Amino acid sequence: MKKDIKTKESVCQEKVDWDRIVHLLKLGIISAIMVLIGDMLLGWGVSDPSVTQLPSVFTRYLTVSDGRIIASAMLGLIGIPIECLCWFSVYRLIRPYSEKDAHAYRAGIIGCLAFGGCGVHVPCCAAVYLAKHFYTDDPSTISDEMVRLLAWFLVPATVIFSVFFFLTLIVQIKAVLIGHTPFPRWCCVFSLLFGLIWIVLMRIIGDHAITNALSTGWISIGNLWMMGGLLLMSNKVGNNE
């Protein structure tokens, strides 16, 4: 057996801190709801087929008020770092069983914390704000302006964030599947991967204000699914120990 992996019996020497884990999961659910509200404020709208200067998926943002954009930016600026910090609940579930997996997961948290709110969410809101005003001022220039804006100020941070995001996703699923948490292996379904599945479901339903708003909040939906499921299992497994 590898040195970093601990048996179920040896975990008694480094007990799972269920009280702290449950507290973090509850706080994570609250922060996910906060960010989801902001995402829905930003994404509530339908595509405008009369606008040809932008891809249709982006035209729904042209009717979003400045107040909604700013509210979404502020809710994400506060809520996203809290969400990421609450992922330490998963770290605490993994660490008693595998320090290697726990450290990899922690690296993912730190990266998402660094690039999630200020690096991706707020610039996304700024891009929506500028796109709306570019279009109002001169629709013919919006395409070139947005390409430069996205290429230099949003895409790099999004790529870096995605690396850390998928690191946390993969490490968590792997840890649950190979028994590096106190939960049954089927609990791998309580993952941020649900958020990606959620986008597909919303796209299948169609171009409606509610589905567009809910798809905008796909990470928060994934957080609610993950933390809600893990909270239920923590209460069940923790009470049995």
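The paragraphs below set out a description of the structure included in this document. (Residues numbered from 1 in each chain as written. Predicted model: local features only at pLDDT ≥ 70, side-chain atom pairs only at ≥ 80, totals over all residues. Heavy atoms only, no water.)

Okay, the overall build of the protein next. A tally of helices and strands in the protein yields 10 helices and 0 strands. When the helices and strands of the protein are listed from N to C terminus, the series reads α-α-α-α-α-α-α-α-α-α. When its C-alpha atoms are laid out on the principal axes, the protein stretches across 65 × 30 × 30 Å. Scored against the burial criterion, the 241 residues of the protein give a buried share of 46%. Of the contacts made within the protein by residues no fewer than 6 positions apart, 77% connect residues no fewer than 24 positions apart. When the accessible surface of the protein is split by element, carbon and sulfur atoms take 69% of a total near 12,000 Å². (Helix = DSSP H or I, 4+ residues; strand = E, 2+ residues; numbered from the N terminus. Buried < 20%, exposed > 50% of the residue type's maximum accessible area, 1.4 Å probe, protein only. Contact = heavy atoms within 4.5 Å. Areas by Shrake-Rupley, 256 points an atom, 1.4 Å probe, with all protein chains shown as cover.)

A grouping of Leu193, Ile197, Val200, Leu201 and Ile204 is seen on the molecular surface, where their side chains present a nonpolar patch of about 440 Å² in accessible area. Within the fold, Val200 resides in helix α8 (residues 193-205). What makes Val200 partly exposed here is its relative accessible area of 46%. (Patch = residues over 30% accessible without salt bridge, like charges linked within 9 Å, V, L, I, M, F, W, Y side chains within 5 Å. Salt bridge = Lys/Arg side-chain N within 4 Å of Asp/Glu carboxyl O.)

Turning our eyes to something else, we now look at the packing of aromatic side chains. For any pair of aromatic rings, the description rests on two quantities: the centre-to-centre distance and the angle between the ring planes. Following the criterion strictly, the structure yields 10 aromatic pairs and no others. Residues Phe88 and Tyr91 carry aromatic rings whose centres are separated by 5.6 Å and whose planes lie at 80° to one another, so their mutual orientation is edge-to-face. Residue Phe88 and its partner Tyr91 are both found in helix α4 (residues 88-94); the two are separated by 3 residues, about one turn of the helix. Judged by its relative accessible area of 22%, Phe88 falls in the partly exposed class. Among the residues examined, Tyr91 registers a relative accessible area of 8% and is labelled buried. Here the aromatic cluster, defined as three or more aromatic residues joined through ring pairs, consists of Trp186, Phe190, Phe194, Trp198 and Trp225. (Phe/Tyr/Trp six-rings, centres within 6.5 Å; stacked < 30°, edge-to-face > 60°.)

What follows deals with the packing of helix α5 (residues 99-137) against helix α6 (residues 142-153). In the contact formed by α5 and α6, the axes pass within 10 Å of each other and the chain directions differ by 165°. Between α5 and α6, the angle falls in the class roughly antiparallel. Judged by the sense of rotation from one axis to the other, the crossing of α5 with α6 is right-handed. In this structure, α5 uses Pro123, Ala127, Leu130, Ala131, Phe134 and Tyr135 to contact α6, whose residues at the interface are Ile142, Glu145, Met146, Leu149, Leu150 and Phe153. Looking at side-chain class alone, the contact of α5 with α6 contains 11 nonpolar, no polar and 1 charged residues. (Axes fitted to C-alpha atoms, helices over the stretch in contact; angles between N-to-C directions. Parallel < 35°, antiparallel > 145°, perpendicular 65-115°, else oblique. Left-handed = near helix turned anticlockwise from the far one by under 90°. Nonpolar A, V, L, I, M, F, W, Y, C, P; charged D, E, K, R; others polar.)

By size, the foremost hydrophobic cluster in this structure holds 41 residues, and its most contacted members are Trp87, Tyr105, Phe165 and Phe183. The dominant element in this core, judged by the number of residues it contributes, is helix α7 (residues 155-177), at 8 residues. Setting aside residues up to four positions removed in sequence, Trp87 forms contacts with Tyr105, Ile109, Cys112, Phe165, Thr168, Leu192, Asn223, Met226 and Met227. Counting 8 residues, the second largest nonpolar core, distinct from the first, contains Val51, Ala127, Ala131 and Met146. (Core = buried A, V, L, I, M, F, W, Y, C linked by side-chain atoms within 4.5 Å.)

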